[in-house]
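Report on the structure
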Amino acid sequence: MSRPPPSRRDGFSVAYTLSSRWADNDIYGHMNNAAYYGLIDTAVNRFMIARAGIDIHTGPLIALVVETGCRYHASLEFPQEIEVALKVARLGNTSVTWAAGLFEAPSEPHSQAAADAHFTHVLVDRHSRRPAPWPATMRDVLVSAMG
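All of the points below concern the structure found in this document. In this text, all values refer to a predicted model and were calculated from it rather than measured experimentally. (Residues numbered from 1 in each chain as written. Predicted model: local features only at pLDDT ≥ 70, side-chain atom pairs only at ≥ 80, totals over all residues. Heavy atoms only, no water.)

Here the amide bond leading from phenylalanine 78 into proline 79 is cis, since omega sits at -5 degrees, within 30 degrees of zero. Residue position: proline 79 is located in the loop between strand S2 (61–72) and strand S3 (81–91). Look at the link from alanine 105 to proline 106: it is a cis peptide, with omega at -5 degrees. Here the phi dihedral of arginine 129 falls at roughly 60 degrees; this positive angle occurs in a residue that is not glycine. On the secondary structure map, arginine 129 appears in the loop between strand S5 (115–125) and helix H2 (136–144). (Helix = DSSP H or I, 4+ residues; strand = E, 2+ residues; numbered from the N terminus.)

Attention now moves to the nonpolar core. One finds Phe47, Met48, Val84, Leu86, Trp98, Leu102 and Leu142 to be the most contacted residues of the largest nonpolar core, which totals 37 residues. If you list the elements that add at least two residues to this core, you get strand S1 (14–19), helix H1 (33–50), S2, S3, strand S4 (95–104), S5 and H2. Looking at which element gives the most residues to this core, the answer is H1, with eight residues. Each residue touching phenylalanine 47, except ones within four places of it in the same chain, is listed here: Val14, Tyr16, Ala52, Trp98, Val141, Leu142 and Ala145. (Core = buried A, V, L, I, M, F, W, Y, C linked by side-chain atoms within 4.5 Å. Buried < 20%, exposed > 50% of the residue type's maximum accessible area, 1.4 Å probe, protein only. Contact = heavy atoms within 4.5 Å.)

This brings us to the pairing of S4. It is a general feature of regular strands that their side chains alternate between the two faces of the sheet. The buried count for S4 comes to nine of 10 residues, which makes it a mostly enclosed element. With nine bridges connecting them, S3 and S4 associate as antiparallel partners. Within S4, the position partnered with leucine 86 by the bridge is alanine 100. Linking S3 back to S4 in an antiparallel pair, the connection comprises three residues. Bridging between S4 and S5 involves eight bridges; their strand directions are antiparallel. Opposite serine 95, over in S5, you have valine 122 as the bridge partner. (Pairing = 2+ DSSP bridges.)

Tallied over the entire structure, the rule returns four salt bridges. As a salt-bridge pair, arginine 8 and aspartate 10 come within 2.5 Å of each other at their nearest N and O atoms. The salt bridge involving arginine 21 is made with aspartate 24; its shortest N-O contact spans 2.7 Å. Among the residues examined, arginine 21 registers a relative accessible area of 53% and is labelled exposed. (Salt bridge = Lys/Arg side-chain N within 4 Å of Asp/Glu carboxyl O.)

So this is what it looks like as C-alpha cells:
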C-alpha cells in the first residue's frame, strides 16, 4: 500500500498563518504531534467563529470534535510561521469534515504540506448535546469553503 503524497497549497480555499510556540517543540527538536492538532483546532475554530457565526460563549449551537487524524511528511519547529490551510471535505446534515494542510509560511501554490489532517465537527445543541442541522447561513459559509 503506497502512502498518498503531501497535499499542495493550491488545493485549499482558506488559510490562517499562526506562530509556533517554544512549548511546541519536543525533545527531538521538532514540533510535537499534539501541537499540530492545536494549530488545526485553532484555525478551524477561527473560521467557525469569524465566518460561520458560531458563538462559543452563549450561542444555542456549538461544534464538537468527534474525529481527527494526521499524516506527517516533514518537520515543523519553533520558531516558525505556519500556514494552516483548510477546506471542507464533506458536509453532512449535522457534521463537517475538514481537510487541513500545514505548510511553512509563507507558502506558494505548489508548496507541499508538512502534514495533512482531517478534523470532523458535529453541530450540537449547547444544552442537550444532541446533533442539530446546520442553519442555512452556516451551511452556505461551509459550502463556500468546499473544494
